[in-house]
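Next come the chains, spelled out residue by residue.
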Amino acid sequence: MRFLILFLIYFITSFGFSQSRDDQIQKGINYVYQIKFDSADAVFRQMINEKPADPTGYFFLAMSAWWKIYINKDDRSIDDEYLSRVDRCIKLCEEILDKNDNDAWTTFLLGGVIGYRGFMNVMRDNWLKAIDDGKQGLNLIQKSYELDPSNIDAVFGIGLYNYAVDYVVERYPFLKAVLFFFPKGNKLLGLKQLQECASNGKFSKTEANAVLAYINIFYEKDYLEAEKYSLMLSLMYPQNPVFKKFLGRSYIGLSKWNEAKRIYEEIIAACDSLKPGFDNDYIRREALYY
């Protein structure tokens, strides 16, 4: 009976911690998409203070900085801070994996943080570094999924790769030689995997929806599908300039001129008011153009 009670106490407290950590992560993620970066960083730093050797807080701290860059690609002042957070996350992940190479969650974090560094290298035209990060990140994400097939968030990275590589090879055949040593992609499978993550992802659900909006606007030219994702994201996070821009572009593609005009007027008003996320020329230029 004593053993049973101790077991139940251990199970309940362990489950409670897991739920608490998941709640913390989700709270911080929501702050990121609300463009409340200071609040997001405070949540993730609290996680780091509670468990300094756990790379989870550093992973999401890096993602917070990545979104700052993504909102205003012209601003390079955050690059060093972002790379510093990435390096810290990588170091902690490697320390854990040196002791246990089959830690699925840590492998996932390592693959994700390296993969997103690859996106930043693309934005900065560091193509060789981007390719190296992409290959390394993909291998780690695939391994993490093999170790834990229940991790739908890993499907996000795999689906994004499947779509991107197939699209690039189809659109730019001369790149086949560069991608010779990479696994082949599959656009249809990639879209299906991204849709699965958009519906069932744990922490990457919003990111998957955002990627689907982007893909349907700029590559698939399926503006009706893009409107579906963009409208949902804009309603959930009206403070987010990226999601609002996606909705405006969807309306333009659908020739919904009045709706598009309203969205871009809202963006310009937010820029004039210097609202967080809108206080840069990058977003204002695009809104004025449309």
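None of these values were measured; they are calculated from a predicted model.

**Here's the deal with the overall build of the protein**
Point 1. Within the protein one finds 13 helices and zero strands.
Point 2. Reading the protein from its N terminus to its C terminus gives the helix and strand order α-α-α-α-α-α-α-α-α-α-α-α-α.
Point 3. Taken over the C-alpha atoms alone, the protein extends approximately 70 × 45 × 35 Å along its principal axes.
Point 4. Sorting the 290 residues of the protein into buried and exposed places 48% on the buried side.

**Here we look at unusual backbone geometry**
Point 1. Here the phi dihedral of isoleucine 35 falls at roughly 65°; this positive angle occurs in a residue that is not glycine.
Point 2. Tracing the backbone shows isoleucine 35 in the loop between helix H1 (2–33) and helix H2 (37–50).

**Some details on the pattern of salt bridges**
Point 1. The final tally for this structure, using the stated rule, is 19 salt bridges.
Point 2. Connected through shared salt-bridge partners, Asp41, Lys68, Glu81 and Arg85 make up one network.

**What to know about the environment of alanine 40**
Point 1. Note that alanine 40 resides in helix H2.
Point 2. Between the alpha carbons of alanine 40 and isoleucine 25 there is a distance of 9.1 Å; along the sequence they are 15 residues apart.
Point 3. Dropping the residues within four chain positions of it, alanine 40 is found in contact with Gly28, Tyr31, Val32 and Ser64.

**Focus: the packing of aromatic side chains**
Point 1. Going through the model one piece at a time under the given rule, you end up with 21 aromatic pairs.
Point 2. Look at phenylalanine 59 and phenylalanine 60: their rings are 4.9 Å apart centre to centre, the planes differ by 90°, and that puts the pair in the edge-to-face class. Pair check on accessibility: phenylalanine 59 and phenylalanine 60 agree, each one buried.
Point 3. Taking 4.9 Å as the distance between ring centres and 20° as the angle between the ring planes, the aromatic pair formed by tryptophan 66 and tyrosine 70 counts as stacked.

**A word on the packing of helix H3 (residues 56–71) against helix H11 (residues 241–253)**
Point 1. Put simply, H3 and H11 touch, their axes get as near as 10 Å, and they point 45° apart. Taken as axis vectors, H3 and H11 run oblique relative to one another. Between H3 and H11, the contacting residues are Trp67, Tyr70 and Ile71 on the first element and Pro241, Val242, Phe243 and Phe246 on the second.
Point 2. Taken together, the residues of the contact of H3 with H11 sort by class into seven nonpolar, no polar and no charged.

**Considering the nonpolar core**
What tends to happen in soluble globular proteins is that the nonpolar side chains get buried as a cluster.
Point 1. In terms of nonpolar packing, the biggest core is built from 79 residues, with Trp67, Tyr82 and Phe243 touching the most fellow members.
Point 2. Here the element with the most residues in this core is H3; it accounts for 12 residues.
Point 3. With sequence-adjacent residues up to four places away left out, tyrosine 82 is seen in contact with Ala62, Ala65, Trp66, Ile69, Val113, Tyr116, Arg117 and Met120.

**Some words on the side chain of asparagine 280**
Point 1. Counting through the fold element by element, asparagine 280 comes out in the loop between helix H12 (257–272) and helix H13 (281–289).
Point 2. Judged by relative accessible area, asparagine 280 falls into the buried class, the value being 10%.

**Looking at the confidence of the model for the protein**
Point 1. Considering every residue of the protein, the mean pLDDT works out to 89; 91% of them sit at 70 or more.
Point 2. Confidence, expressed as mean pLDDT per element, reaches its minimum in the protein at H1 with 64 and its maximum at helix H10 (residues 223–236) with 98.
Point 3. Considering only residues more than four positions removed or in separate chains, one finds that residues 3–18, a stretch of pLDDT under 50, has one contact.

**A word on helix H6 (residues 127–147)**
Point 1. Taking 1.5 Å per residue as the helical rise, H6 with its 21 residues ought to reach 30 Å, and the 30 Å between its terminal C-alpha atoms agrees with that figure.
Point 2. Burial in H6 covers these residues: Ala130, Asp133, Gly137, Leu138, Leu140, Ile141 and Ser144.

**Digging into the packing of helix H7 (residues 152–171) against helix H8 (residues 187–200)**
Point 1. In contact at an axis separation of 7 Å, H7 and H8 are set at 150° when each is read in the N-to-C sense. Overall, the two elements H7 and H8 adopt an arrangement that is roughly antiparallel. Here the hand of the crossing between H7 and H8 comes out left-handed. Counted together, Ile152, Asp153, Val155, Phe156, Ile158, Gly159, Leu160, Asn162, Tyr163, Asp166, Tyr167 and Glu170 of H7 and Lys187, Leu189, Gly190, Leu191, Gln193, Leu194, Glu196, Cys197 and Asn200 of H8 form the full contact between these two elements.
Point 2. Split by residue class, the contact of H7 with H8 holds 11 nonpolar, five polar and five charged.

Quick notes on the rules
- Residues numbered from 1 in each chain as written.
- Predicted model: local features only at pLDDT ≥ 70, side-chain atom pairs only at ≥ 80, totals over all residues.
- Heavy atoms only, no water.
- Helix = DSSP H or I, 4+ residues; strand = E, 2+ residues; numbered from the N terminus.
- Buried < 20%, exposed > 50% of the residue type's maximum accessible area, 1.4 Å probe, protein only.
- Salt bridge = Lys/Arg side-chain N within 4 Å of Asp/Glu carboxyl O.
- Contact = heavy atoms within 4.5 Å.
- Phe/Tyr/Trp six-rings, centres within 6.5 Å; stacked < 30°, edge-to-face > 60°.
- Axes fitted to C-alpha atoms, helices over the stretch in contact; angles between N-to-C directions.
- Parallel < 35°, antiparallel > 145°, perpendicular 65-115°, else oblique.
- Nonpolar A, V, L, I, M, F, W, Y, C, P; charged D, E, K, R; others polar.
- Core = buried A, V, L, I, M, F, W, Y, C linked by side-chain atoms within 4.5 Å.
- pLDDT = per-residue confidence, 0-100.
- Expected span 1.5 Å × (residues − 1).
- Left-handed = near helix turned anticlockwise from the far one by under 90°.

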